[in-house]
Each structure stands twice: as structure tokens, then as C-alpha cells.
Amino acid sequence: VVHSWIALQHAVAPLQAVFMQQMCDVLKSGGKGLLQIPFFTPVRSSCDLDKSIQKGGMQMHYTPMDEIRHAFESRGCRVSVKNL
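Residues numbered from 1 in each chain as written. Predicted model: local features only at pLDDT ≥ 70, side-chain atom pairs only at ≥ 80, totals over all residues. Heavy atoms only, no water.

Participant: Hey, could you run me through the layout of surface pockets in this one?
Facilitator: Sizing a probe to match a water molecule and rolling it over the atoms shows the empty space that remains. Space inside the largest pocket adds up to approximately 1000 Å³. Lining of the largest pocket is provided by 29 residues; of these, Gly-33, Leu-34, Leu-35, Val-79 and Ser-80 occupy positions nearest its centre. Among the secondary structure elements, those contributing two or more residues to the lining of the largest pocket are helix H1 (13–26), strand E2 (33–35) and helix H3 (65–73). Of the residues that constitute the lining of the largest pocket, the class distribution is 17 nonpolar, eight polar and four charged. (1 Å grid on protein atoms, 1.4 Å probe; cavity = no way out; pocket = protein on both sides within 12 Å on 5 of 7 lines; lining within 4 Å. Points joined across faces, edges and corners; volume = space filled by probe spheres on them. Helix = DSSP H or I, 4+ residues; strand = E, 2+ residues; numbered from the N terminus. Nonpolar A, V, L, I, M, F, W, Y, C, P; charged D, E, K, R; others polar.)

Right under this line is the structure:
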């Protein structure tokens, strides 16, 4: 079992994809993974990492659904999505 909850959104989208692929890589055949990740935001804004470093604060990111599917399926994992 691989599990991630309320964590990936703090990594930039390219790293989110890498982490999702790594989750898939460590699952044994028939294993299951569960994660929570935003796939959109109501406001399309870019992350300003430099501003966050200078002023502090938390950055929130998302990965579009098609990229989430690609990250998992490229490693042979099936994807089931549930909106919470």
C-alpha cells in the first residue's frame, strides 16, 4: 500500500508527477495506492517560489487530471478518480 494525503500539493507540478510515478514503481502487482492531490484551482495563478522564499508562506500547486493519468499510466498503473 502506498498512501499520500494532503502533501503533494506543496510540491511543484513536475515533482508531483515524479512522486506519482515513484509511487507506482514501488507498488507490487495487485497493490493499491491512495493519494489526494488537487487537479485544478478556481484561480489560474502561477506559483512564485522566490516570493515564498523571501516572504515565507506556503505554496499550493496542482497537476491537471490528464497529467496525473499520464504519470500513473506511463508506469503501468490504473487510475480511478473520486472527487471528494
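Participant: So what exactly am I meant to see when it comes to the nonpolar core here?
Facilitator: The nonpolar side chains of a soluble globular protein tend to be buried, and buried together. With ten residues, the main nonpolar core is built from Val-2, Leu-8, Met-20, Met-23, Cys-24, Ile-37, Ile-68, Ala-71, Phe-72 and Cys-77. Those elements giving two or more residues to this core turn out to be H1 and H3. Here Cys-77 is in contact with Cys-24, Leu-27 and Phe-72, once residues within four sequence places are set aside. (Core = buried A, V, L, I, M, F, W, Y, C linked by side-chain atoms within 4.5 Å. Buried < 20%, exposed > 50% of the residue type's maximum accessible area, 1.4 Å probe, protein only. Contact = heavy atoms within 4.5 Å.)

Participant: Please clarify how H3 should be interpreted in this entry.
Facilitator: An α-helical turn contains 3.6 residues, so any two residues separated by three or four positions project in the same direction. Looking at H3, one finds that the buried residues are Ile-68, Ala-71 and Phe-72. Here the buried residues of H3 occupy an arc of 90 degrees about the axis, which is enough to place them on one side. Opposite the buried face of H3, at more than 90 degrees from it, the exposed residues are Asp-66 and His-70. Those residues of H3 hidden inside the fold are in contact with H1 and E2. (Arc of directions from axis to C-beta.)

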